[in-house]
Amino acid sequence: MGFDEKNKEEVSETAATTKTPPNEEHNVDEPKSGGISRKMSESSLYGTDQEEEDDEETNERKIELGPQYTLKEQLEKDKTLEPEVKILSLEIKSAGRPDIVLSVPENGKPKGSWFTLKEGSRYSLQFTFKVKNNIVSGLKYTNTVWKTGVRVDSSKEMIGTFSPQAEPYTHEMPEETTPSGMFARGSYAARSKFVDDDNRCYLEINYYFDIRKDWLPSKN
């Protein structure tokens, strides 16, 4: 009996010394779980901050694409772009007969007599033209006529100011009357020019035309 009790006491003492206290076990687990939680939180926050920085850099790169101009710089840039005016055709319109459509040669020098007018007839001239690149300001038509080397007529007509567009413009000049009589008939030399306010010349045509007793038969 004594031996058994002694053994029981020794066993109980041994068990008491080897058992881990409950509070100590809790303290061991707590730092582990707390450390992992903090680690994950910091990692996720870092990832979010990094993504925001990447987005900002991407947006900055998108915004910075291409040169940046102020309104004043853009206006100055536009001034350097010269307008382009191309005269597509000229038409001579006279009541009671078909229009005479004149194609404009590239060199501005039609061969031979370009057209014929009837003496004492009323007619008007219509231009068809296109404007590109920039606004053309104060487009004007000037015309000078000579007969046998003597200047017999000089005129200037304001056409207007036009913006660039895909569709061509048309402009009809005021009606005129050709001279009549024996001395009015014959061959004439003429020079027509299209210029703007800056004295840019878009077309110069040097040509000959005739005034006769009647119109030439129309070509069908």
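Residues numbered from 1 in each chain as written. Predicted model: local features only at pLDDT ≥ 70, side-chain atom pairs only at ≥ 80, totals over all residues. Heavy atoms only, no water.

If you check an unreviewed UniProt entry, the protein appears there as Rho GDP-dissociation inhibitor from Salix suchowensis. Under the Subcellular location (unreviewed entry) heading, UniProt states for the protein: "Cytoplasm". Taken verbatim from the UniProt record of the protein, the Sequence similarities (unreviewed entry) comment is "Belongs to the Rho GDI family." (UniProt positions renumbered as here; feature names shortened; annotations may be inferred.)

S.K.: Just checking my understanding: could you explain the sheet that holds strand β3 (residues 113–118) for this structure?
M.R.: Within a sheet, each strand pairs with its neighbour through backbone hydrogen bonds, oriented either parallel or antiparallel. Strand order in the open sheet formed by five strands is β3-β10-β9-β5-β6, with mixed pairing between adjacent strands. The sheet is open, and its two edges are formed by β3 and β6 (150–162), each paired on a single side. Averaged over all pairs of adjacent strands, the angle between strand axes in this sheet comes to 25°, irrespective of strand direction. The pairing of strand β9 (residues 186–195) with strand β10 (residues 201–212) spans ten bridges and is antiparallel. Bridging from a neighbouring strand, Ser-187 pairs with Asp-210 of β10. (Pairing = 2+ DSSP bridges. Helix = DSSP H or I, 4+ residues; strand = E, 2+ residues; numbered from the N terminus. Axes fitted to C-alpha atoms, helices over the stretch in contact; angles between N-to-C directions.)

S.K.: Please clarify how the packing of aromatic side chains should be interpreted in this entry.
M.R.: Given two aromatic rings, one states the distance between the centres and the angle between the planes to describe the pair. This structure, assessed with the given rule, holds twelve aromatic pairs. Relative to Phe-115, the ring of Trp-114 has its centre 6.0 Å away and its plane inclined at 50°; by these criteria the two rings are tilted. What makes Trp-114 buried here is its relative accessible area of 14%. By relative accessible area, which is 12% here, Phe-115 ends up buried. With 5.7 Å between their ring centres and 25° between their planes, Phe-129 and Tyr-169 make a pair best called stacked. One end of the pair, Phe-129, is in strand β4 (residues 122–132); the other, Tyr-169, is in strand β7 (residues 169–172), and 40 residues separate them in sequence. Take Phe-129: its relative accessible area is 1%, and that puts it in the buried class. Just above the ring of Trp-215 sits the side chain of Arg-97; from NZ or CZ to the centre is 4.3 Å. In this structure, Lys-147 is placed above the aromatic ring of Tyr-188, and the distance from its NZ or CZ to the ring centre is 5.7 Å. (Phe/Tyr/Trp six-rings, centres within 6.5 Å; stacked < 30°, edge-to-face > 60°. Buried < 20%, exposed > 50% of the residue type's maximum accessible area, 1.4 Å probe, protein only. Lys NZ or Arg CZ within 6 Å of the ring centre and 35° of its normal.)

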